[in-house]
Every structure is written in structure tokens, then in C-alpha cells.
Amino acid sequence: MNLFNVYPLFNINPVKAQGSFLWDDKGEKYLDFYGGHAVISIGHNHPHYQTQLKEQLEKISFYSNSVENELQTELAEKLGKLSGYEDYNLFLCNSGAEANENALKLASFHNGKSKVLYFSGSFHGRTSAAVSVTDNPKIVAPVNFSERFIKSDWNNIRQLEEIFEIQGNEISSVIIEGIQGVSGIMIPTFEFLSKIKELCEKYDAALILDEVQSGYGRSGYFFAHQEFGIEPDMITTAKGMGNGFPIGGVLIHPKFQASNGLLGTTFGGNHLACAAAIAVLDVMKEEDLMTNAQKMGNYIENEIKDFPHIKSIRRKGLMIGVELDQDCAEVRKSLLYDHHIFTGNSNDKSVLRILPALNISKEETDLFVGALKTVLDKI
Ligand SMILES: Cc1ncc(COP(=O)(O)O)c(C=O)c1O
């Protein structure tokens, strides 16, 4: 059997990883400044993470959600404390798309409405409703398309108001990324988010903050929207939550009523996934990684801002979009093959996406800064 060929692959086969470095099958070393799409939050194979997972593996790795699982309770408590959302409830699942799918569904169960407002440039995952609110026609199949999903322009308050004026009573939820990642690091304005919150309250629509990429400390806040002091009805999370172990979650405002069977999953919140997610929170707290994300993000921006070919830098913490005056593909290729540094791209071809682990050191950062300068100087 062959693999279903949907991923364009780099010709690199990593077999080992530690901290911010990877090694391939030929023993070549790579610096990871992308974390496999923002997944590596506390660094590859962090010793605490390894120990917790190994110990858990020796006890029990899985049983279904039909029995008590005290690791889920511990995870919810620790997540509530570190994120500041102690009075919210947690539903655990396996991925970002699944978290969004459940949030959209729960909003609709709650208010009985069926329309969803989303924004240009959005990416919310590839499952049914999640892909319907993703602004990329190439990945929305006919089965996912419906006029119930309404697109509004990013940071456009007037359009938002017009849509609500006409269809507000039918809108079940508004879904928005804390910071848009896939579209090239687009940051919402305070005015825009405040207006969304105001309209959601006025029309009884649920505000869903997708923090799958921008959450878990990446922006220097636990969730990116917290910079603005706005409280959503639901917050979705995945990626950095398990540092590579698949886990996702929905943080749910207490006004939403749970009932038996309303939501569910076979694998979500299993023992191993919880052990991974608890280890991530322990390390984030112990090593004060949100502060490091702020500090190292500032440092990178200051070091690179005057490099040639950089038009602008869009950034919060270690969620960094470097806009070049040209397509970034060759720069990215040269960073990878000439300097052994992983970076990311985005839907905006000129934007290089930089998403290193939150415990990246100054020395590791200097390797990236030096390599980027060499590559850009040569163009
Ligand atoms: C903002 C956002 N939401 C949702 C998703 C989907 O997450 P997953 O791939 O875990 O389903 C992603 C993935 O890139 C994302 O960036």
C-alpha cells in the first residue's frame, strides 16, 4: 500500500529531536524555528515531558470516557489556573478541527440557531463545519458548502455591523482566530474584537476564539485575545497543548449546560494525552515560558527589522510573520538546505512564518538571525 499523496515533502527524514534541534537519518542537525506548525511549545523531548509520558505508559495509557479519569480533572484545574479561565469547563478532544467542530455545534445546541459568521483569511481546520468556516475554496468540498456560513472581511467593523443588522437573529456563533496564523500572522484590532463581542451579546450569538495556533503562551499571553481583556464564550485549543501528542480542547463558559451524550469522543482526554498536556503546563509554569516568548520575540524583531528585503514584521511574542518584498519560497529553501533551519510559509506567499518553541534560547535565536541575514544579503 502507498500513502495517499497529499503532502508536498522536504527530502529530510528526522529520526531524533531534542530541545530546538532535530537530527536526520544521516546525522545532520537542524534548528527548528517552526515547531511542526506551532506544535512544539516546550521543545522536543523535554525531560519532564519524557518522564511523565514514560511513567504514564507504565501505568495505563487508555481507557474510554465511560470511567473516571483523574488526569482529566488535574489537567482542567491546571489549565484553568494558568490561563485565568478557572470558572470555565473543559471538553477534551484530539485536534484543533475537532475542538472547533464541537464549539460550533455546542453554540448551535445552546441557542438553537444555525448560521455562523467567519472572517476572510481564516483557517479553522478540515472537518465538516470547521472547513466550512475556513476561507480557502480549494479545501472546501461541495459537501461542506452551505449558505449558512457567512464570510465577513477581517478587521472591517462596518461590514460586520451590516451583516448583523440583517441576519443577526439567525447567527449562532462567530468564530475568529486570536491571531490568524495560516493567512500570514494577521492581528485583530482591539476595536474589531470589541465590536464582535458587543454584537454577539446583543444578538445572543456565541463568540468562539480559535486559539489553536495563537494560544498556549505563544503570543506572550496564555491566549492571544487576553491582551485585549475580551472574554469569549468558548476558546478552542490544540497544537502546543500536547507538544506533539495529539490533544485538543474547548474551554466553555459556565452558561453552557452539559448533558449526557451532548458531545463525545473515543480517544479525547485519554490517559497518555492528559499526561502530555499536564507536563506541558508544568513546564510552561516552571520555566515561565510566556515571559520568554515575549522576551525572545522582542529580541528577534529588533535583530532582524533592518535586514534588506523585509517589508514589515507582524508579531506577538513568538508568533512572527516576516513580510518580504518577494515570494519567501527561495529564502525558506535556503534556510533549510544551506543553513539547516526549519521555518514556515503562509497563504500570503511573501510571509515567512516563524514559530519556534517557547523556551528558545538567545544562542539558538542568534543562529537563526545570522542565517537569515546571510540569505537576505545574497538576494
Ligand atoms: C487556527 C487554527 N485552527 C484550527 C486548526 C486545525 O487544527 P488541526 O490540524 O489540529 O485539526 C489549525 C491548524 O493549523 C489552526 O491553525
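Up top you'll find the structure we're talking about.
Undergrad: Got a sec to walk through the overall build of the protein? Specific residues and values, please.
TA: Secondary structure assignment for the protein yields eleven helices and 14 strands. With respect to the principal axes defined by its C-alpha atoms, the protein has extents near 55 × 55 × 45 Å. Residues counted as buried form 49% of the 379 residues belonging to the protein. Long-range pairs, those at least 24 residues apart, make up 73% of the contacts in the protein with a sequence separation of at least 6.

Undergrad: Talk me through the sheet that holds strand β14 (residues 351–354); I want residue IDs and the actual numbers.
TA: Judged by pairing direction, the sheet is antiparallel, and its three strands sit side by side in the order β11-β12-β14 without closing on themselves. In this open sheet, the two strands that pair with only one neighbour each are β11 (310–316) and β14. Between one strand axis and the next, the sheet turns through 15° on average, direction left out of account.

Undergrad: Account for the nonpolar core, naming residues and giving values.
TA: Core analysis: the biggest nonpolar cluster contains 105 residues, and Val174, Ile208, Met234, Ala276, Ala277 and Val280 have the highest contact counts within it. Here the element with the most residues in this core is helix α8 (residues 271–286); it accounts for twelve residues.

Undergrad: Could you give an account of the site of the ligand, naming the residues involved and the relevant values?
TA: Around the ligand, 15 residues are found, and the nearest of them are Ser95, Gly96, Ala97, Gly125 and Val212. With three residues, the top contributor of residues to the shell around the ligand is helix α4 (residues 96–111). Here the residues of the shell around the ligand sort into five nonpolar, eight polar and two charged.

Undergrad: If you had to explain helix α7 (residues 190–203) to someone new, which residues and values would you point to?
TA: Residues that lie three or four places apart on an α-helix share one face, since the helix turns once every 3.6 residues. Given a rise of 1.5 Å per residue, 14 residues ought to cover 20 Å, and the 20 Å separating the end C-alpha atoms of α7 matches this to within 8%. Among all positions of α7, only Leu193, Ile196, Leu199 and Cys200 are buried. Each buried residue of α7 sits inside an arc of 130° when the element is viewed along its axis, so together they form one side. When the buried face of α7 is taken as reference, the exposed residues oriented beyond 90 degrees from it are Phe190, Glu191, Glu201 and Lys202. Buried-residue contacts for α7 involve α6 (157–167), β7 (171–177) and β8 (206–210). At the C-terminal side of α7, Asp204 shows a positive phi close to 55°.

Undergrad: Lay out the packing of helix α9 (residues 289–304) against helix α11 (residues 362–378) with the relevant residues and their values.
TA: Two packed helices can be described by the angle between their axes and the distance between those axes. Remark: α9 packs on α11, axes separated minimally by 10 Å, with the N-to-C direction vectors making an angle of 25°. Between α9 and α11, the angle falls in the class roughly parallel. Pair α9 / α11 crosses with right-handed handedness. Seen from α9, the contacting residues are Met296, Tyr299, Ile300, Glu303 and Ile304; seen from α11, they are Lys362, Thr365, Val369 and Leu372.

Rules used in this analysis
- Position labels on residues start from 1 in each chain and follow its written sequence.
- Local features are withheld for residues below a pLDDT of 70 in this predicted model, meaning they are given only at 70 or higher, and side-chain atom pairs are given and counted only at 80 or more; totals for whole chains, interfaces and linings count all residues.
- What counts as a helix is a DSSP run of H or I of at least four residues, what counts as a strand is a run of E of at least two, and both are numbered from the N terminus.
- Each residue is classed by its C-beta neighbour count within 10 Å, where at least 20 other C-beta atoms makes it buried, 12 or fewer makes it exposed, and intermediate counts make it partly exposed; the C-beta atoms are placed from backbone geometry.
- We call two residues in contact when the distance between their C-beta atoms, placed using the backbone, is within 7 Å.
- If DSSP finds at least two bridges between two strands, the strands pair.
- A fitted line through C-alpha atoms serves as each axis, taken over the contacting stretch for helices, and the angle formed by two N-to-C directions is quoted from 0 to 180°.
- Residues enter a nonpolar core if they are buried, belong to Ala, Val, Leu, Ile, Met, Phe, Trp, Tyr or Cys, and are joined to the set through C-beta atoms within 7 Å.
- Each residue receives a C-beta atom built from its backbone; the residue is near a molecule or strand if that atom lies within 6 Å of it.
- Three residue categories are used. Nonpolar comprises Ala, Val, Leu, Ile, Met, Phe, Trp, Tyr, Cys and Pro, charged comprises Asp, Glu, Lys and Arg, and polar comprises the others, including Gly.
- Here a helix's expected span is defined as the number of its residues, less one, multiplied by 1.5 Å.
- Starting at the helix axis, one direction is taken to each C-beta atom, and the arc is that of these directions.
- Orientation labels follow simple angle bins: below 35 degrees gives roughly parallel, above 145 gives roughly antiparallel, 65 to 115 gives roughly perpendicular, and whatever is left gives oblique.
- Left-handed describes a crossing whose near helix is turned anticlockwise from the far helix by less than a right angle; the clockwise case is right-handed.

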